[in-house]
Amino acid sequence: MIFVKSFDNKTLILNLNPNTTTFETLKLQIERDLGIPLSLQRIFLNPRRLIGDESTLIAELGVRSNSALNLHLPLFGGMQAPVLPKPRLEFLNTKPPPNYVAGLGRGATGFTTRSDIGPARAAPDLPDRSATTIGGAAAPGGIGRGRGKGGAEDEEEEDGDEKGYDENQKFDEFEGNDVGLFASAEYDEDDKEADAVWEAIDKRMDSRRKDRREARLKQEIEKYRASNPKITEQFADLKRKLCTLSAQEWDSIPEIGDYSLRNKKRRFESFVPVPDTLLEKARQEQEHVTALDPRSRAAGGTETPWAQTPVTDLTAVGEGRGTVLSLKLDRLSDSVSGLTVVDPKGYLTDLKSMKITSDAEISDIKKARLLLKSVTQTNPKHPPGWIAAARLEEVAGKIQAARQLIHKGCEECPKNEDVWLEACRLASPDEAKAVISKGVKAIPNSVKLWMQAAKLEHDDVNKSRVLRKGLELIPDSVRLWKAVVELANEEDARLLLQRAVECCPLHVELWLALARLETYDNAKKVLNKAREKLSKEPAIWITAAKLEEANGNTAMVGKIIERGIRALQREGLEIDREVWMKEAEAAERAGSVATCQAIVRNTIGIGVEEEDRKRTWVADAEECKKRGSIETARAIYAHALTVFLTKKSIWLKAAQLEKSHGTRESLDALLRKAVTYRPQAEVLWLMGAKEKWLAGDVPAARAILQEAYAAIPNSEEIWLAAFKLEFENHEPERARMLLAKARERGGTERVWMKSAIVERELGNTGEERRLVGEGLKLFPSIFKLWLMLGQLEERLGDFEKAKEAYDSGLKHCPSCIPLWLSLSHLEEKMNGLSKARAVLTMARKKNPQNPKLWLAAVRAESRHGNKKEADILMAKALQECPTSGILWAASIEMVPRPQRKTKSLDALKKCDHDPHVIAAVAKLFWLDRKVDKARTWLNRAVTLAPDVGDFWALYYKFELQHGSDENQKDVLRRCVAAEPKHGEKWQIISKAVENSHLPTEAILKKAVVAIGKEESVAESIKG
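Conventions used here
Sequence order as written defines the numbering, with residues in each chain counted from 1. Restriction of local features to residues with pLDDT of at least 70 applies here, the model being predicted, together with a cutoff of 80 or more for giving and counting side-chain atom pairs; totals for whole chains, interfaces and linings are based on all residues. Just so you know, side-chain values use all the structure's heavy atoms and leave hydrogens and water out. A side-chain nitrogen of Lys or Arg and a carboxyl oxygen of Asp or Glu constitute a salt bridge if their distance falls within 4 Å. Numbered from the N terminus, helices here are DSSP runs of H or I no shorter than four residues, and strands are runs of E no shorter than two. Relative accessibility under 20% of the residue-type maximum defines a buried residue, over 50% an exposed one, and the middle range a partly exposed one, all with a 1.4 Å probe and only protein chains included. One number per residue, pLDDT, summarises how confident the predictor is, and it ranges from 0 to 100. Only heavy atoms enter the contact rule, under which two residues are in contact if any of them lie within 4.5 Å. The pairing test for Phe, Tyr and Trp rings, Trp by its six-membered ring, is centres within 6.5 Å, and the orientation test on the planes gives stacked under 30 degrees, edge-to-face over 60, and tilted for anything in between. As a reminder, the over-ring test applies to NZ of lysine and CZ of arginine, requiring each to be within 6 Å of the ring centre and within 35 degrees of the ring normal. Patch membership requires over 30% relative accessible area and the absence of a salt bridge. Like charges are linked within 9 Å, and nonpolar side chains (Val, Leu, Ile, Met, Phe, Trp, Tyr) within 5 Å. Method for areas: the Shrake-Rupley scheme with a 1.4 Å probe, in which residue coverage is limited to the protein chains shown. Think of it this way: Lys and Arg go in the positive column, Asp and Glu in the negative one, and His and the chain ends go nowhere. For the purpose of locating charges, the reference atoms are NZ of Lys, CZ of Arg, CG of Asp and CD of Glu.

**A closer look at the pattern of salt bridges**
By the definition in use, this model includes 38 salt bridges. In this structure, glutamate 984 engages arginine 859 in a salt bridge whose closest nitrogen and oxygen atoms are separated by 2.7 Å. Separated by 125 residues along the polypeptide, glutamate 984 in helix 52 (residues 984-990) and arginine 859 in helix 44 (residues 851-863) bring together distant segments of the chain. By relative accessible area, which is 44% here, glutamate 984 ends up partly exposed. Take arginine 859: its relative accessible area is 35%, and that puts it in the partly exposed class. In this structure, a network of salt bridges that share partners links the residues Arg391, Glu394, Glu422 and Arg425.

**A look at the confidence of the model for the protein**
Looking at the protein, pLDDT values average 78 and 81% of them are 70 or higher. A low-confidence stretch, residues 120-167 (pLDDT under 50), is modelled with 37 contacts involving residues beyond four sequence positions or located in other chains. Here residues 289-312 scores under 50 on pLDDT; set against residues more than four positions off or in separate chains, the count is 14 contacts.

**Here's the deal with the packing of aromatic side chains**
Applying the stated rule across the entire model yields four aromatic pairs. Taking the centre distance of 6.1 Å and the plane angle of 65° together, the rings of tryptophan 617 and phenylalanine 644 count as edge-to-face. You can see tryptophan 617 sitting in helix 30 (residues 613-626) and its partner phenylalanine 644 sitting in the loop between helix 31 (630-643) and helix 32 (648-661), a full 27 residues away along the chain. Here the two residues tryptophan 617 and phenylalanine 644 agree in accessibility, since each one is buried. Look at phenylalanine 925 and tryptophan 937: their rings are 5.9 Å apart centre to centre, the planes differ by 50°, and that puts the pair in the tilted class. Taken together, the residues phenylalanine 925 in helix 48 (residues 915-927) and tryptophan 937 in helix 49 (residues 931-944) connect sequence positions 12 residues apart. Overall, the relative accessible area of 16% leaves phenylalanine 925 in the buried class. Sitting over the face of the ring of tryptophan 541, arginine 531 holds its NZ or CZ atom 4.7 Å from the ring centroid.

**Topic: a positive patch on the surface**
Taken together, Arg204, Arg208, Arg209, Arg212 and Arg216 make up a surface patch of like positive charges. Counting residues per element, the ones that place at least two in the positive patch are helix 4 (189-208) and helix 5 (210-227). Summarising the element assignment, arginine 212 is placed in helix 5.

Listed below in structure tokens is the structure:
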């Protein structure tokens, strides 16, 4: 139904459905009812006009049921239609009436003097006002009002005009045309009596016509009301239909907004500056005065001067609201070891008990109370109305009124269990049992009411008695059976479950619970019966497999799962691979590993295409590994390896799983099996040898490498692994022999570098120089050999030869940054800053946009105290390399401490995921004693770059100062597992000759000491 308000303020009611009515249909209906053409109709849904195509539904334009539309008509050519001009009165050209005096009516009469009149002029004839009667004034010349002159009037009209006679003056509203006849007569008793007689006659005649007149008046009123009905009468039928509305439809009625202009007027707000006196008083209030007032000093300091008036603290007034709220929360909390613990249940209960004092809240509750009262009165058989009304009173704090309302609801809706449950909740503890007793009598088949009745009992015996009574009435309720079994002991539970499966034979949980309580033989019988009743239930087969595994019959587990899957497929049940994988994980969590493996073997390939098997199975194993289902992942890899025997990637994945979650024996067995099927995979041989070495079994590691060399005779990786094994176990002669054989077989540059490293550690400088020289002849483009040669000469003190080595290396490798840096350091030692500056400038020209070269130049200037030049270089560096983390980290440390926060924000905007910037920000938090934030940022740095040892050293140093022993051990363990290889300070320490065989833990501690020394030197320079 839609309401259309026309331009003449009449309302048209159209019985149309907005969801099926088009815009054109609406216009045609308005044309039929009001006669307004389609082209002139302008329809508005406040405040916008409806514009749409002919086929557009009006519901799409925002029109809903009971919407009010406004109909307007356009006015073409002006604001109103033209009207004919009224005929102009030509009174200026007509003869004025007798005795007419201009301006007499408005009091603007003239006056005459004797000189104006003269002796020969007569005064004008004026009306005699003394003879004025009720009907008018007496005619001049003694002619009064009356019947006139009869038939001679037409003939003597002109004469009558001249004598001042007017026929319009003959009629009087009271006396009629006879006013002039009785104008001078007296009203005596006879006239009074005659008037009374005539009045009685009029009343008599009026009473005879009264019935007809009233009937005619009533008919006219009804006709008028039919054509102009009241608003209440127009919506009478709609009001009667309100009783059929549901609670959801009632709630969906939109709230009317406030469209009054009074609330839309924008109030004028004026702002004035705070006076200086107020600011001064506030400032004085915040001051702490330590001197006594002279008057107080005169009184010994024990008297307050009377003239001092305390000034209101404006800050305290502003913080009042927050203080009150915090006090309320503190009342509801309990302090345990400095931590505030809030009881959620108690907090909510206290909030519910707070009284409502806000006017707005009270008004809302009154409106809701009236609405719900209307709902319960118009439809008393509607249970949600009673429940809502009772809860409203409960929220308002009127618990007694809530109980009365829900009691009425129970009387009106005795067959609704929700009403009884609400009544039980609202009732007092003493009355709750009586209420629920009435409820179960009214609805004996309600499971919810019996469960609530059991909850009201305090001991298990009474609860079990109530539940058993409920089962007498509802024997097929699984919920009641479960509840009563949970309360019983093992023997009673077994008996109850035997009866439960008889009453509810199609519920699998009861069968499985009974099987768990029975002995092995009886459990098999129970499961067989369950399989007969529920032939499409896979949980029965899985439980049977778990039963066999629990009793040691692991050989039967696979057969049961396989037989069960075939039986389920015969029954037409679709085997969902994902569901069965979840069952396998559940079996693993229950400790049934054999069942888990059997499920994986029989279901992992269902629904997977042949070309997708490897990718899908590896993904499934990784997901299971993330969820902690290690046995399931191991079973998936085991099945995948039976299909893909020669896939190195699957063997590696399985080996990684065993390394992280298995034992050394299982890993060794897997790797032995892997190299059997993939003997050409170097990484599998090397992993097996490394695991043996880490376990301390060096002979076994040697044996594995010998087998690997036999399988892959020309593998340089195996040669280098054998060298590392001997070198790390302090067998330099064995290592030297292995490397010599590798060089004879034509090894790569790695073999020559490892050979030189062995000689360097043994102190054979000449042999080291020879090996490096031979390597450079074979591999002149390998910059590491040039670096080793230059570092060798530096150690020996021959700086000129070292410089020649670096220069030669740069000729072959001009883009090698370590060579440029080494040469600049050497020039700084030999010739000072200017030469080093020239080398770095040349390096930057040949290798533009390299942050390491810029950083080296900045540090060189800083080492010589040229702070201004260092700042200029840093600014240029950041312009050329705006996303370099090492440059931003260095710039944060270079600026003064108050500016570091701003600089760190700029750095994070440019490169927020760079570990160097994150470590620099962590140092700022560390200096500000923000321990938790510093720990978080340092952890983030080592997570982003676990291979950089400097970050681990910084993190470990922080934990040594502010962390517990557990945190320190955790950082140390994580660093050893990460095995960092890079880092400016880390590489200097780890590659030193004396530290070549040190473990990661020892190198980490040395790096911490080096960082501490560097920080102390920097502080001494600043100081």
